[in-house]
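Per-entry structural report
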Amino acid sequence: NSTACPANATICDGTSCLLTGDNFNQTLSVVLSTVLTIMLALVMFSMGCNVEIKNFLGHIKRPWGIFVGFLCQFGIMPLTAFLLSLAFNILPIQAVVVLIMGCCPGGTASNVIAYWVDGDMDLSISMTTCSTLLAMGMMPLCLFIYTKMWTDADAIVLPYNSIGLSLVALVIPVSFGIFINHKWPSKAKIILKVGSIVGAVLIVLIAVVGGILYKGSWVITPKLWIIGTIFPAAGYTLGFFLARLAGLSWNRCRTVSLETGMQNTQLCSTIVQLSFTPEQLELMFTFPLIYSIFQLLFALLILGGYRLYRRHHVKTKTDVEKTTQKEDSKPSAKINGGFVSDEMK
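Position labels on residues start from 1 in each chain and follow its written sequence. Restriction of local features to residues with pLDDT of at least 70 applies here, the model being predicted, together with a cutoff of 80 or more for giving and counting side-chain atom pairs; totals for whole chains, interfaces and linings are based on all residues. Hydrogens and water are ignored here; the side-chain numbers use all heavy atoms of the structure.

A separate point is the overall build of the chain. Each helix and strand counted, the chain has 13 helices and 2 strands in total. Relative accessible area decides the class of each residue, using a 1.4 Å probe on protein chains only: under 20% of the type maximum gives buried, over 50% gives exposed, and in between gives partly exposed. Here the chain holds 345 residues, and 45% of them are scored as buried. Any two residues whose heavy atoms approach within 4.5 Å at even a single point are treated as in contact. Taking all contacts inside the chain whose residues are at least 6 apart in sequence as the whole, residues at least 24 apart take part in 81%. Here the Shrake-Rupley method, with its probe set to 1.4 Å, supplies the accessible areas, and only the displayed protein chains count as covering residues. Total accessible area computed for the chain in this model is approximately 17700 Å², and 67% of it derives from carbon and sulfur atoms. Only DSSP runs of H or I covering at least 4 residues are called helices, and only runs of E covering at least 2 are called strands; the numbering of each starts at the N terminus.

The buried count for helix H5 (residues 109-116) comes to 6 of 8 residues, which makes it a mostly enclosed element. Along H5, the positions that sit buried rather than exposed are Ser110, Asn111, Val112, Ile113, Ala114 and Tyr115. Phi for Asp118, located one or two positions after H5, is positive at around 55°.

Inspection of the secondary structure puts Gln266 in helix H11 (residues 265-275). On the basis of relative accessibility, which here comes to 41%, the residue Gln266 falls in the partly exposed class. Residues Gln266 and Gly107, 159 residues apart in the sequence, show an inter-C-alpha distance of 8.7 Å.

This paragraph deals with the side chain of Ser124. Looking at where Ser124 falls in the secondary structure, it is placed in helix H6 (residues 121-147). Since its relative accessible area comes to 0%, Ser124 is described here as buried. Once residues lying within four places of it in the same chain are set aside, the contact partners of Ser124 are Ser110, Asn111, Ala114, Thr255 and Glu259.

Quick look at the environment of His59 now. Among the structural elements, His59 can be located in helix H2 (residues 53-61). Along the primary structure His59 and Met127 are separated by 68 residues, whereas in three dimensions their C-alpha atoms are 9.3 Å apart. Filtering out sequence-adjacent residues up to four positions away, His59 remains in contact with Ile66, Asp120, Asp122, Leu123, Ser126 and Arg252.

Here a patch means residues that are over 30% exposed by relative accessible area and free of salt bridges, tied together within 9 Å if like-charged and within 5 Å if nonpolar (Val, Leu, Ile, Met, Phe, Trp, Tyr). The salt bridge definition used is simple: a Lys or Arg side-chain nitrogen within 4 Å of an Asp or Glu carboxyl oxygen. A cluster of nonpolar side chains, contributed by Leu79, Leu83, Leu86 and Met149, occupies part of the molecular surface with about 360 Å² of accessible area. Mapped onto the elements, Met149 comes out in the loop between H6 and helix H7 (160-183).

A separate point is the environment of Leu303. Residue placement: Leu303 occurs in helix H13 (residues 287-335). Exposure remark for Leu303: the relative accessible area of 17% places this residue in the buried category. Sequence separation between Leu303 and Asp118 is 185 residues; the distance between their C-alpha atoms is 9.8 Å. With near-sequence residues (within four places) excluded, Leu303 lies in contact with Trp116 and Val117.

What follows covers H2. Here H2 has its buried residues at Phe56, Gly58 and His59. Each buried residue of H2 lies within a common arc of 155° when the element is viewed along its axis, so the set occupies one face. Exposed residues on H2 whose side chains face more than 90 degrees from its buried face are Lys54 and Lys61. Buried positions along H2 lie against helix H3 (64-88), H6 and helix H10 (250-261). In this description, the arc belongs to the directions extending from the helix axis to the C-beta atoms.

This is the structure in structure tokens:
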């Protein structure tokens, strides 16, 4: 609609347009991508500074936690995406993007949140690495199983180079961080504190970047907003309970929960852009952004709830210790024949 949309709009539907021909947007995209890539490498380097080589290798040799995470990542999430698509009876092309999101590996933001909720960082890093590596085989398999009732799985282009780059961008900085922690533990603690703060800033930046780069308004069905809200919440919840049923400790349950609910939304957006026409993108492109917003929102709620619980738990524990010390001092005073004040009675 040339009267309603600018000449450089690539997708138009009445007053809803997607502007991609803006030179400012292109320049901003390159600059932000460079900055975010450098920041992400620094964050993953700092997260590696909290990983013990023995514990990390222990998870690889006895991969029960990784296996539980694998079941959550490539079992629960694709199945949940499939059931949500059926339950809300969305369009086939929209069901496909929901399934692509469900089949993606875990995102690196989960490592930062896992650190803040006192999760098992060795398990978190190993789960993210393994899910990204296994995604090269599991994504085509899951998409073949779940999407064939809506579309031909061959029509979906999987960017193996992007998956490979994600793996390299994860493994190399983390490896350096593990080495620093092994050689200079005291310096590693300082790097970790700085990196955790940078990681928090990075998560907020990634959330804001989408709003800056995509200025167009969209007419999108409310069903996708509802699915985008339910989906990450279901991932966090089901991941936690499955980990608990598997007998994992509480901190590992929190880790598996975050690794399950936090997906690699950037990879999903890349797959969608490579696989579908502009007309199809109009119906589905916003979903990765919606999921990204709500997975971050729920992660922050989990973090806030855990911090409140931890503060109350630590305070209660301290009070118990004080009471115990007070009670223990009574018999010792009597045994030693010491004076017992009125306050002690």
